[in-house]
Amino acid sequence: MAAAERTMRFAEGSPFPPIAEYAFLSDRQVQALVAPSGSVEWLCLPRPDSPSVFGAMLDRAAGHFRLGPAEVTVPAGRRYVPGTLVLETTWQTRTGWLVIRDALLVGPWYDDTQRPVEYERPPGDHEAEHVLLRTVRCVNGHVELLMDCEPSPDYARADATWEYETEGYSHALSRIAPGDLPLRLTSDLRMGFEGKRAHANTTMRDGDERFVALSWSDHAPPQSYEDAADRMWRTQEYWREWLNHGVFPDHPWRIHLQRSALTLKGLTYAPTGALMAAATTSLPETPGGERNWDYRYSWIRDSTFALWGLYTLGFDSEADSFFEFVADRCGDGSDLQVMYGLGGERDLTESTLPHLNGYEDAQPVRIGNGAFDQDQHDVWGALLDSVYLNAKSRDRLPERVWPIVVAQVEQAIEHWREPDRGIWEVRGEPKHFTSSKVFCWVALDRGARIAHRRGEEALEQKWRAVADEIHADVLANGVDERGVFTQYYGTNALDASLLLLPLLRFLPKDDERIRATVMAIADELTMDGLVLRYRVEQTDDGLSGEEGTFTICSFWLVSALVEIGELRGARALCEKLLSFASPLQLYAEEIDATTGRHLGNFPQAFTHLALINAVVHLIQAELQQQRGFSMAHQIVT
């Protein structure tokens, strides 16, 4: 079936919810995605990059956990409880109304007698309870409630069977690999079993309250509705208290900044501080296509953008934790990789799961990521820029970090003249990508600045000289006859990564080549105003098919337009992008510019980081402009 035919077929009636319709839950150790029907369709245990237990997002037969009215699958409304990652769904049936709240529970640190082996960062006051809690309240009339829990472990390659754990019908136990991980259902519903399915149904009447808790540790789950409601409230308070540490402008876009901050916190793996690129694998960038990747890992290049965004919003602890995760990866002198597992794993060998049909028949379904051992020369600059940002923000450079700086700067010196796979991890032939050369310049420039702070004059001079050499090389080979920076040496093709040039301070923002590049991308590398990474017909990325506009690139364009003084265009684009947010204000990797449909893995950390930076950038610029107008008015009057 051709891609266009597949797109038409699923547009007419897909068995899968639109990607943007999923809700995102997190306890900072695992994540879950909940469909509008009330079905949990993605949950991996015991880590986010472990095999799935519920995987209906990638195959309708790969496991789910639904709680909702028996005969209604479209809710009356869904929202996050303000300031939290607690999902509230309101249901209307012909006979009554239900309200269901879902959360991955966070509670106080509960065991000081043992040190969890996976914890690299100092534990805080709170910890994941390893419980997915679902509470139900009938607020009007009467409604038949259905619970249907059908795990399908190991990406649906293994079976799960249930048995009663105690007397009565309220405690069920199953076990899943690895290590016979316990999977428990605890509820005040009377549960029964059919094969690997645990189910229950009851009629709820006005004022009735019920709960279902799915847990996967020896930590006790709630045993009553009162206990469940208390833990739900405690989880809400945890998220609100955390959000109160942020610094947000008093602005209509504040809610977008707060939701992005909560999403990034939810994508952080608490034991190590790693920031996941996304919670999912293999959600397609092209409907029915092959551009399907596993993003449940931590990319080094995210460190720069994460620190920009988190420090800007006042979340210094989270920024520091991610910085320490990155520093730990190269503290032993090993070469820096593009990405790592959430526990720092270096081997992310890619494989496929041919038994899964994929989201809307998009195949292959991949686990692992073959780009982990690619040559991507932006990594040294991304790391050194994050070191520099951290040193400026904290006004210090930890002694253990200085040898890392030296080693990574020397790596950039050794390799900057070589071709690589670029920031977009193309699987075609390596090229001299302009953005990779620029990031090598960033490595030398930031390294020289750090050396200056330390009084290392010899190294500062040496690195500054190489930085100047790279700078001159880019200007000589990476600019076309129009004065526009190009994707790689010897081509006229554009690349959205070059929108970072003014943000990285490669040239002054009023340089004509910067303006020409930003405007060329805005005019020639967009679809309906949204930015493509590159034109697939001009770039050998080793893949077939089209892809949607990359939302991070569109937010980069907002920031770049601000830099060159085009505030009106920046605001128009920013308003457009914010209007494309999902109903729960989340973003996938891409947006189909024609339909507004979200494509790719979800929710995408890179996109939310770029949103924070762009929105703050624009708000600050407009405030500065307003102050200028006010001062000019005072002078005139």
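## Things to note about the overall build of the protein chain
- From N to C terminus, the protein chain includes 14 helices and 26 strands.
- Since a compact globule built from 637 residues should have a radius of gyration of about 26 Å, the 25 Å found for the protein chain is in line with a globular shape.
- Each of the 637 residues in the protein chain was classed as buried or not, and the buried ones make up 61%.
- Residue pairs in contact within the protein chain that sit at least 24 positions apart in sequence constitute 67% of those at least 6 positions apart.

## Looking at the environment of Ala-496
- Among the secondary structure elements, Ala-496 is positioned in the loop between α10 (457–477) and α11 (512–524).
- With a relative accessible area of 0%, Ala-496 lands in the buried category.
- Remark: the alpha-carbon pair of Ala-496 and Asn-369, spanning 127 residues in sequence, is separated by 23 Å.
- What Ala-496 contacts, discounting residues up to four positions off in sequence, is Ile-521, Leu-525, Val-531, Leu-532, Arg-533, Cys-553 and Trp-556.

## Here we look at the environment of Arg-231
- Note on placement: Arg-231 falls in helix α3 (residues 225–243).
- The class for Arg-231 is buried, based on a relative accessible area of 9%.
- Put simply, Arg-231 and Leu-105 are 126 residues apart on the chain and 7.0 Å apart in space, counted from C-alpha to C-alpha.
- Not counting residues up to four positions away in its chain, the partners in contact with Arg-231 are Leu-105, Glu-129, His-219, Ala-220, Pro-221 and Pro-222.
- Here Glu-129 takes part through its side chain, which lies 2.9 Å from a polar atom of the side chain of Arg-231.
- Separated by 3.5 Å, the side chain of Arg-231 and the backbone oxygen of Pro-221 make a polar contact.

## Focus on the nonpolar core
- By size, the foremost hydrophobic cluster in this structure holds 203 residues, and its most contacted members are Phe-65, Met-147, Leu-185, Leu-214, Leu-444 and Trp-556.
- With residues near it in sequence (within four places) discarded, Trp-556 still touches Phe-305, Ile-423, Trp-424, Ala-496, Ser-497, Leu-499, Leu-500, Phe-606 and Ala-610.
- Core analysis: the next-biggest nonpolar cluster, separate from the first, contains 11 residues, Leu-105, Val-131, Ala-213 and Met-232 among them.

Thresholds, definitions, all that
- Counting from 1, residues in each chain are numbered in the order their sequence is written.
- Thresholds applied to this predicted model are a pLDDT of at least 70 for local features of residues and 80 or more for the giving and counting of side-chain atom pairs; totals over whole chains, interfaces and linings are not thresholded and use all residues.
- Excluding hydrogens and water, the side-chain figures rest on all heavy atoms present in the structure.
- Numbered from the N terminus, helices here are DSSP runs of H or I no shorter than four residues, and strands are runs of E no shorter than two.
- Each radius of gyration is computed over the set of C-alpha atoms, and the globule rule expresses the reference value as 2.2 Å times the number of residues to the power 0.38.
- Burial status follows relative accessibility: with a 1.4 Å probe on protein chains alone, a residue under 20% of its type maximum counts as buried, one over 50% as exposed, and anything between as partly exposed.
- Only heavy atoms enter the contact rule, under which two residues are in contact if any of them lie within 4.5 Å.
- Pairs of N or O atoms within 3.5 Å make up the polar contacts considered here, provided that, within protein, one atom can donate a hydrogen while the other can accept it, and that residues adjacent in sequence are counted only when both atoms are side-chain atoms.
- To define a nonpolar core, start from buried Ala, Val, Leu, Ile, Met, Phe, Trp, Tyr and Cys residues and group those joined through side-chain atoms within 4.5 Å.

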